[in-house]
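Overview (structure and organization)
Now for the letters of each chain:
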Amino acid sequence: MSEQNNNQLTKRDFLQTLGMIGGSAAVMTALSGFEHSLASDMKAPPALATRGNGKKVIILGSGLAGMVSALELGKKGYEVELLEARDFAGGRTSCSRKGTKVTHADGTVHTCDFDHGQYLNHGAWRIPGQHHSTLYYCRTLGVELEVMLNHSSQSYVYADNIEGPLNRQRVRRIHLEADRKGHVAELLAKCAAGGALDEMISKEDVEKLLTYLKGMGLINSETFEYQANQVRGYSTYKGGGDNYGTLSEPYGLSEILSVNMETRELTSDHPTCMFQAKGGMDQISFALRDALPRGVLKLNKEVTKISQTGDGVSVNYKDTKSGRERTTTGDFLISTIPYAVVTEIDNDFSPEIIDAMKTPSPSQVSKFGLQMKTRFWEVEDMIYGGVSSTSMAGNIAYPSADLHGKNGGVLLASYLFGGRSTAFNKLSVDEKIEYALSIGEHVHPGQYRANFNGKAAGIVWENEKYNKSGWSSWQGDSIKKLPTILKGQNRVLFSGDCISPRLSGWMAGAIEGAWITIAELDKRAAQI
């Protein structure tokens, strides 16, 4: 290396030095200044420098963040006690499967009766390739993955609140996408050929643009008219002999513009092909749980008080089975309990931390699944994975597992947010089923009700006592309060996906939040 390169301080060097001096809060503040806050390339757990040497860490909550923290700290010799209020580990990475019990808003407890092997992911359901941290644990813990088909061009879009002939008509997603691009390509080509772009780009680039637009396969290469094409597909499909098929006729521009749904292109972390854990996303939770040393995880332990002493922390908790109350102490504490829950526990957190925790907005999210006798969406509609979208009930998602299987499958029949989720929450289980069926019948008339086998299950996250929301979202300038939470308070630190604002709601957010927190704890442990 040259002397100049040797003396040059890179951004990575700067952040590493800043982390050693000021901790994770300082790093996050600096990243915000670089406009890269929480943009992550973390591919493996941080290398912890301190041996635990008998130091005890109490961790609250056994979602992914809690279990990852317990696993990695345990490897370095820290004594770890992981307290979980529920009777299972995994938090939002859970599933409805046969025997799963969920309490609804009216107090009734519904027991899932899906056939064995069938499931519905309550929370996490997709893993993009960029989420190296999630894939790291799948790989190292032996969690088998399979392809998750996030996008199907053959799925439908259905709107009941628009003007024009497409109101209350199911529209193939490929038709919608091709027609939008085709009409735009026609307009742009005509503008370019007519000289409307001459003052914006060079003549050479106009020609290159026209070559590109004609090469899309959507417009006539001479007239530039958008026309029936193989991208959009066939109304009667081509076959052997003299069966040349019939290309489907595009919708008019005005008709397409009236459909104001599904206008956004796929994003880089929501591509067509993603991954899922084979058998349900809770397999990742099970693998982490089973990797913990015996005795670390303690279920049915509801935290009632958190306090700090001069040289440690104290936690009071109640056994939800026996009602017995106990107190445990440690050198450090990591809370992964959702902010809406932990702020209501008796604690001695500073007013600044409480205020920061109440800043992100809780999200109302519902997921409800119906089990079907056959995979009619594949046989009748050529839909393999992906999502159909409706203006009334959000998304209907089709399973990517067991394609062409003989045992039907569970559809994510209602995936609702905000006010829709809140309204859905007020319905009884039977009313939820009827609501989901009525929506699905618009998308798959004559098939949806006929194939429903009577088995349904799901979750409304705002009902969950130990969550109160699906996830929390930092909006606008509110993120400026994140460093307060990252800094924690003396021996208490906080973790989970909510300290990863750009990954909030993702498994990677919880995992990388844990990695940030344990690195900070390790630094502080070295100082005592």
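Owing to the predicted nature of the structure, the values given are computational and were not obtained by experimental measurement.

Let's shift gears to the overall build of the chain. Of regular secondary structure, the chain possesses 16 helices and 26 strands. Scaling as 2.2 N^0.38, a compact globule of 528 residues should have a C-alpha radius of gyration of about 24 Å, and the chain matches this with 27 Å. Seen through its C-alpha atoms, the chain measures out along the principal axes to roughly 80 × 70 × 40 Å. A buried classification covers 52% of the 528 residues belonging to the chain. Across the chain, the fraction of contacts at a sequence separation of at least 24, relative to all contacts at a separation of at least 6, is 68%. Of the roughly 24,600 Å² of accessible surface on the chain, a fraction of 50% belongs to carbon and sulfur atoms. Charge-centre separation for the chain: the mean point of 57 positive side chains lies 6 Å from the mean point of 59 negative side chains.

The next subject is the pairing of strand S21 (residues 387–390). Every second residue of S21 is oriented toward a common face, with Val387 and Ser389 on one face and Ser388 and Thr390 on the other, all of them buried. Here 2 bridges tie strand S8 (residues 156–158) to S21, and the two strands are oriented parallel to one another. Counted as the bridge partner of Val157 is Ser389 from S21. Bridge analysis of S21 against strand S22 (residues 394–397) gives 4 bridges, and the strand direction is antiparallel. Residue pairing for S22: Val387 is matched across the bridge by Ala397.

The next point concerns the confidence of the model for the chain. Confidence along the chain averages 92 in pLDDT terms, with 92% of residues attaining 70 or more. Note on residues 1–22: pLDDT is under 50 here. Beyond four places in sequence and across chains, it has 19 contacts. Confidence over residues 28–39 falls short of pLDDT 50; this stretch has 24 contacts with residues more than four positions distant or in other chains.

So, about the environment of Ile127. Examined against the element boundaries, Ile127 turns out to sit in the loop between strand S6 (120–121) and helix H4 (132–140). Expressed as a C-alpha distance, the spacing of Ile127 and Ala277, which sit 150 residues apart in the sequence, is 8.7 Å. Residues contacting Ile127, with those up to four places away along its chain left out, are Thr134, Leu135, Cys138, Leu145, Met274, Phe275, Met281, Ile284 and Met507.

What follows deals with the nonpolar core. The biggest cluster of nonpolar side chains holds 39 residues, and the ones touching the most others in it are Val57, Ile59, Leu73, Tyr137, Ile284 and Leu521. Among the elements of the structure, strand S1 (56–60), helix H3 (64–75), strand S2 (79–83), H4, helix H8 (282–291), strand S17 (332–335) and helix H16 (507–525) are those that each provide at least two residues to this core. Setting aside residues up to four positions removed in sequence, Val57 forms contacts with Leu73, Tyr78, Glu79, Val80, Glu81, Phe332, Ile334 and Leu521.

What follows concerns the packing of H4 against H16. Direction vectors running N to C along H4 and H16 enclose 85°, while the axes themselves pass 8 Å from each other. On the basis of the axis angle, H4 is roughly perpendicular to H16. Across the interface between the two elements, Ser133, Thr134, Tyr136 and Tyr137 from H4 touch Met507, Ala508, Ile511, Glu512 and Trp515 from H16. Considering only residue class, the contact of H4 with H16 consists of 6 nonpolar, 2 polar and 1 charged.

Turning next to a nonpolar patch on the surface. A grouping of Leu187, Leu253 and Leu257 is seen on the molecular surface, where their side chains present a nonpolar patch of about 280 Å² in accessible area. When you line up the elements, Leu187 lands in helix H5 (residues 173–193).

Attention now goes to the sheet that holds strand S14 (residues 301–309). Strand order in the open sheet made by the 4 strands is S16-S15-S14-S18, with mixed pairing throughout. Each edge of the sheet is formed by a strand with only one pairing partner; in this case those strands are strand S16 (325–330) and strand S18 (346–347). Looking at chain direction, strand S15 (residues 312–319) and S16 are connected through 6 bridges and run antiparallel. When the sheet's bridge partners are listed, Val315 is paired in S16 with Thr328.

Contact geometry for H3 and H16: axes closest at 8 Å, N-to-C directions at 40°. Relative to H16, H3 is oriented oblique. The crossing of H3 and H16 is right-handed. Of the residues in H16, those in contact with Leu64, Ala65, Val68, Ser69, Glu72 and Leu73 of H3 are Met507, Ala510, Ile511, Ala514, Trp515, Ile518 and Leu521. Taken together, the residues of the contact of H3 with H16 sort by class into 11 nonpolar, 1 polar and 1 charged.

Let us now look at the side chain of Asp381. Mapped onto the fold, Asp381 is located in the loop between helix H11 (376–379) and S21. Residue Asp381 is classed as buried on the basis of its relative accessible area of 5%. Engagement of the side chain of Asp381 in a polar contact is seen with the side chain of His444, the distance being 3.1 Å. Contacts of Asp381, omitting those with residues within four sequence positions, involve Gln154, Tyr156, Arg170, Arg172, Phe376 and His444.

Parameters and conventions
Residue numbers here run from 1 along each chain, matching the order of that chain's written sequence. Residues qualify for local features only when their pLDDT is at least 70, as the model is predicted, and side-chain atom pairs are given and counted only at 80 or more; totals for whole chains, interfaces and linings, by contrast, use all residues. Hydrogens and water are ignored here; the side-chain numbers use all heavy atoms of the structure. Strands here are runs of E lasting at least two residues and helices are runs of H or I lasting at least four, both read from the DSSP assignment and numbered beginning at the N terminus. We compute the radius of gyration from the C-alpha atoms alone; for a globule the expected value is 2.2 Å times N to the 0.38, where N is the number of residues. Remark: exposure states derive from per-residue accessible area (1.4 Å probe, protein chains only) relative to the maximum for the residue type, with buried under 20%, exposed over 50%, and partly exposed in between. Whether two residues are in contact is decided by their heavy atoms, any of which lying within 4.5 Å being enough. Every accessible area reported is derived by Shrake-Rupley at a probe size of 1.4 Å, with residue values counting cover from the shown protein chains alone. Residues scored as positive are Lys and Arg, those scored as negative are Asp and Glu, and His as well as the terminal groups of each chain are ignored. The atoms used to mark charge sites are NZ of Lys, CZ of Arg, CG of Asp and CD of Glu. A pair of strands counts as paired when DSSP detects no fewer than two bridges linking them. Each residue carries a pLDDT value, the predictor's own confidence for that position, ranging from 0 to 100. Among buried residues, those of type Ala, Val, Leu, Ile, Met, Phe, Trp, Tyr and Cys that are joined through side-chain atoms within 4.5 Å constitute a nonpolar core. Angles run from 0 to 180 degrees between N-to-C directions of axes, and those axes are lines fitted to C-alpha atoms, restricted for helices to the stretch in contact. Note on terminology: angles under 35 degrees are roughly parallel, angles over 145 are roughly antiparallel, angles of 65 to 115 are roughly perpendicular, and the others are oblique. Nonpolar residues are Ala, Val, Leu, Ile, Met, Phe, Trp, Tyr, Cys and Pro. Charged residues are Asp, Glu, Lys and Arg, and all others, Gly as well, are polar. Distance thresholds for patches are 9 Å for like charges and 5 Å for nonpolar side chains (Val, Leu, Ile, Met, Phe, Trp, Tyr), applied to residues having over 30% relative accessible area and no salt bridge. In the sections that follow, a salt bridge refers to a side-chain nitrogen of Lys or Arg positioned within 4 Å of a carboxyl oxygen of Asp or Glu. Note on convention: the crossing is left-handed when the near helix lies turned anticlockwise from the far helix by less than a right angle, right-handed when the turn is clockwise. Contacts described as polar in this section are N or O atom pairs within 3.5 Å, which, within protein, must combine one atom able to donate a hydrogen with one able to accept it, while residues neighboring in sequence count only if both atoms come from side chains.

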